[in-house]
Each structure stands twice: as C-alpha cells, then as structure tokens.
Amino acid sequence: MKRHYVFIQVQVTTVLIKQHLFSGYNDMEIWDLYNEKREIIGEHIRGNELSEDAYHLVVHIWILNSDGKYLISQRSASRTSFPLMWETVGGSVLKGETSLQGAIREVKEEVGIELDENDGMLAFSKVRKRINGIKFNDILDVWVFKYNGIVDLNNALTHEVEQTKWLCRNEVLDLLANREMVDSLNYFKSKFIIKADWLFFDLGSTLIDESECYKNRIDEITSSNSIDRSEFETEVLKCARDNAFAIKTAAKAYGVDVPPWKCELERLYPDTKAVLQKLAQKYNLGIIANQEAGTKGRLESWGIRDYFKVIIASTEAGCSKPGLQIFRIALDKAGCKPQNAVMIGDRLDNDIIPVKELGMKTIWVKQGYTKYQPQSDIPDFTIDSISQLIDIL
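Please read all numbers here as calculations on a predicted model, not as lab measurements.

**Here we look at the overall build of the chain**
Each helix and strand counted, the chain has 13 helices and 17 strands in total. Relative to the compact-globule value of 21 Å for 393 residues, the chain shows a C-alpha radius of gyration of 23 Å, a close match. Along the first, second and third principal axes, the C-alpha atoms of the chain reach 70 × 50 × 40 Å. Counting only residues that meet the buried cut, the chain has 51% of its 393 residues in that class. Relative to all contacts within the chain whose residues are 6 or more apart in sequence, the contacts with residues 24 or more apart total 64%. For the chain, the centre of its 49 positive side-chain charges and the centre of its 57 negative side-chain charges are spaced 6 Å apart.

Now the structure itself:
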C-alpha cells in the first residue's frame with residue numbers, strides 16, 4: 001500500500017510542475033513567444049502564465065558518442081523538482097536565441113561541454129499544449145549531437161548536475177522503466193528506438209541531388225522572360241516555406257510557363273553510396289517513388305541499383321504517392337508489415353503523412369527546397385542530410 005501511495009505522489013508531482021523540468025534557471029529569464037507555426041508573437045517572463053495561443057521554445061539535447069552511448073546527467077540534490085533523477089540536458093531557449101543556440105548554451109551551462117554546431121541535428125519537434133491535462137504550451141525541439149571528448153563538471157556554469165555517465169540505449173530504457181529518469185523523456189522509447197526490417201527511400205531530393213535541375217529551371221525562366229533573377233529566387237524561397245512545388249508556384253505568380261525537367265542534371269548526393277552500403281548490411285532496402293518509366297535503369301547508371309531488393313515506381317505501378325496503394329504494393333512485395341518498415345523522404349505530403357496512416361515509421365530528410373519548411377512533429381525523425389541516417393539507424 002505504501003508503495004502504491006508513493007507512486008501516485010510522483011505522478012501528481014509530475015503534472016503539477018508548471019515550470020519545465022530542466023531548472024536551475026534565473027526567474028527573470030525572458031523568452032520569445034511563438035504561435036503554433038513557430039512565428040514570434042511577443043516575449044514572456046518566466047513564471048508568468050502563458051496565454052492559450054502562446055508557446056515558448058524548449059530544447060532537449062541527447063549527446064551521443066562513437067560507441068553509441070548517450071550522455072545522461074543526474075539532477076543535483078538541491079533541485080526543487082525531481083532531485084537526483086536522471087535526464088538528458090535541456091532547458092528553455094532565451095529571447096533572441098535560435099533553437100540551436102539555446103541547445104549549445106544549455107549544454108555548456110549544465111555539463112561544461114562546448115559543442116560544435118556542425119555536430120548536431122534536430123531529430124524532431126513537437127508542440128506540447130498539455131501534459132497529463134495540465135497546460136504546458138511549449139514547442140519542444142529534440143537535438144542529437146555527436147561528441148567524443150571529456151566531460152568535466154568543473155567546467156559547467158551552473159550547479160544543476162550531480163554527476164554524468166554514458167549509457168547505451170538499453171540502459172537508458174532501464175532507467176525509464178525503473179522510474180529513475182524524468183518521465184517527460186519517455187519519448188525515447190519510441191522516437192530513439194527504430195526497429196525495422198525494411199527501409200524504403202524516395203529518390204528526388206532524398207538520394208538524388210536535384211539542385212542543378214532547379215538552377216536550370218530558374219535560369220531558363222528568368223532569362224526567357226526578362227525576370228530579375230534575384231527577385232524570382234526570393235519568390236521561390238517564399239513559396240518553398242509551405243509548398244512542395246516552389247518553382248512552379250513562383251512561376252505561376254509571375255504568369256510564366258515552367259520549362260521541362262532535365263533529368264540529365266540529376267546526380268547522387270556525395271554520401272548516398274556510402275550510406276546505402278552501410279545500411280544494406282543491416283536492413284533490406286527499397287524504393288517507393290513517383291518516377292517516369294526507366295527508374296531501374298537510372299539507378300543502374302548511378303551505380304546504386306544493387307542495393308535495392310524492391311523498386312516501386314509510380315509509372316510501372318499504375319498508382320502514385322500520396323495514395324496508399326503504392327506503399328501497400330511495396331510492402332506486399334517485400335513481405336513486410338508496416339510496423340517493421342521505415343519510409344525516408346523529403347516531402348511531408350508524399351512520403352511522411354500517408355505512411356503514418358499505415359503504421360510505418362518515418363524519417364523526413366530536409367534536402368532540396370523542403371529545408372526551408374518549418375519543423376513538424378509528424379515525422380519520427382527529421383534530418384538535414386542523407387548522411388545523418390547513419391546516426392539514427
């Protein structure tokens with residue numbers, strides 16, 4: 001009975017804590033306020049009540065070494081909430097900071113590590129309006145950084161951390177299962193553990209670099225219609241924020257035609273072959289892409305055909321993304337259940353949203369013009385380049 005009572009008290013404490021779990025901060029912290037689209041709408045002093053339509057930005061930072069172990073820190077005994085429990089580094093992003101800047105600052109403050117921004121990737125984002133029925137109103141950005149240096153808490157700028165240790169994934173899961181870890185990190189169970197037999201890839205702006213194709217289209221549109229290139233590119237980038245067809249949409253705004261796509265300008269991203277070679281040692285690989293006839297031949301010409309056991313192109317399949325049928329065809333041919341497969345692609349509308357309905361895991365690759373789109377909490381993972389797949393699979 002006593003054990004049951006303590007458990008209830010822990011849960012109640014969790015939901016009643018309105019400030020975020022990574023404390024040790026100054027009460028006069030000032031944050032930028034955002035709407036759900038991550039647009040800044042004002043500022044806020046920590047501790048004051050947030051309005052229903054206002055959010056502040058929070059970061060969690062998972063530090064991963066080359067042995068595949070995560071740096072976990074124990075909250076100091078003097079912390080008012082969850083003393084001596086384990087967590088990863090995290091905290092609120094301050095006014096004027098980007099998410100990345102806030103992440104790097106928090107790590108320096110808490111554990112004394114100076115991270116290189118080039119070693120980090122934004123794994124996923126999530127809008128958290130309520131947690132266990134209590135208003136939270138934050139936008140959580142979860143970062144993963146590679147780091148192989150020493151950890152010396154004497155270099156930390158605060159006294160928030162009692163000790164640190166490096167743990168493998170299963171050891172982190174054990175902490176969560178034993179309730180020794182702050183329970184707001186329970187997403188680790190699903191977001192950081194991708195179990196799959198099959199990885200399915202899109203092609204364009206995922207494995208294939210289409211930047212020269214984009215450049216050629218812009219060249220032809222601006223030169224043949226006497227349009228200022230700089231102005232047109234500005235319009236393209238504006239359209240790219242919420243449109244998968246940035247150049248076509250910009251051309252329509254100018255009232256001009258779009259020239260034909262030049263497939264001969266497509267090329268592999270520099271890391272594509274190395275990534276496929278490594279992943280093929282652990283997973284079955286497949287292609288699901290909206291492509292014209294001859295996809296297998298193009299894969300052959302790029303030297304990557306042999307990595308794929310299943311290749312489903314829309315023209316041959318007689319159906320296309322975002323319809324679910326093309327994904328079902330691929331899964332059926334692979335003999336794979338949706339929950340044992342991952343879809344990797346650059347488009348939320350074509351590659352990510354549809355397969356979530358089927359139960360597949362998803363990795364959003366923000367290459368091409370999708371890198372200008374805002375973060376989304378729909379994918380299981382978000383990466384900035386195909387090379388970052390190695391860090392999470």
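**Focus: the sheet that holds strand S13 (residues 284–289)**
Ordered by their spatial adjacency, 6 strands build an open sheet running S14-S13-S10-S15-S16-S17, and the pairing between neighbours is parallel. The sheet terminates laterally at strand S14 (310–313) and strand S17 (381–383), the two strands that pair on one side only. Neighbour-to-neighbour, the strand axes of this sheet turn through a mean angle of 20°, independent of strand direction. As defined by bridge partners, S13 adjoins S14 across 4 bridges and the pair is classed as parallel.

**Re the pattern of salt bridges**
Here the structure, examined in full by the defined rule, presents 22 salt bridges. The salt bridge involving Lys 108 is made with Glu 114; its shortest N-O contact spans 3.4 Å. Here Lys 108 falls in the partly exposed class, since its relative accessible area comes to 21%. Here Arg 128 makes a salt bridge to Asp 138, at a shortest N to O gap of 2.7 Å.

**Overview of the side chain of Asn 350**
Position of Asn 350 relative to the elements: it lies in helix H12 (residues 348–358). A residue is classified by how much of its surface remains accessible, and Asn 350, at 8% relative accessible area, is buried. Setting aside chain neighbours within four positions, we find Asn 350 in contact with Asn 290, Lys 321, Pro 322 and Phe 327.

**Observations regarding the layout of surface pockets**
Approximately 770 Å³ is the volume attributed to the largest pocket. Listed by contribution, the elements that provide at least two residues to the lining of the largest pocket are helix H5 (211–224), helix H7 (246–254) and H12. Computed from the structure, the second largest pocket encloses a volume of approximately 430 Å³. For the lining of the second largest pocket, the secondary-structure elements that each account for two or more residues are strand S7 (120–131) and H12. Here the lining of the second largest pocket gets 3 residues from one element, more than from any other, and that element is S7. Here the residues of the lining of the second largest pocket sort into 6 nonpolar, 6 polar and 10 charged.

**Digging into empty space enclosed by the protein**
Throughout the structure, instances matching the rule amount to 1 cavity of 30 Å³ or more. When its volume is computed, the largest cavity comes out at roughly 40 Å³. A class-by-class count of the residues in the lining of the largest cavity yields 6 nonpolar, no polar and 2 charged.

**Looking at a nonpolar patch on the surface**
Residues Met 28, Ile 30 and Ile 45 make up a contiguous nonpolar surface patch of about 250 Å² in total accessible area. Here Met 28 lies in the loop between helix H1 (2–16) and strand S1 (30–34).

The rules behind these values
Residues numbered from 1 in each chain as written. Predicted model: local features only at pLDDT ≥ 70, side-chain atom pairs only at ≥ 80, totals over all residues. Heavy atoms only, no water. Helix = DSSP H or I, 4+ residues; strand = E, 2+ residues; numbered from the N terminus. Rg over C-alpha atoms; globule rule 2.2 N^0.38 Å. Buried < 20%, exposed > 50% of the residue type's maximum accessible area, 1.4 Å probe, protein only. Contact = heavy atoms within 4.5 Å. Lys, Arg positive; Asp, Glu negative; His and termini not counted. Charge placed at Lys NZ, Arg CZ, Asp CG, Glu CD. Pairing = 2+ DSSP bridges. Axes fitted to C-alpha atoms, helices over the stretch in contact; angles between N-to-C directions. Salt bridge = Lys/Arg side-chain N within 4 Å of Asp/Glu carboxyl O. 1 Å grid on protein atoms, 1.4 Å probe; cavity = no way out; pocket = protein on both sides within 12 Å on 5 of 7 lines; lining within 4 Å. Points joined across faces, edges and corners; volume = space filled by probe spheres on them. Nonpolar A, V, L, I, M, F, W, Y, C, P; charged D, E, K, R; others polar. Patch = residues over 30% accessible without salt bridge, like charges linked within 9 Å, V, L, I, M, F, W, Y side chains within 5 Å. Areas by Shrake-Rupley, 256 points an atom, 1.4 Å probe, with all protein chains shown as cover.

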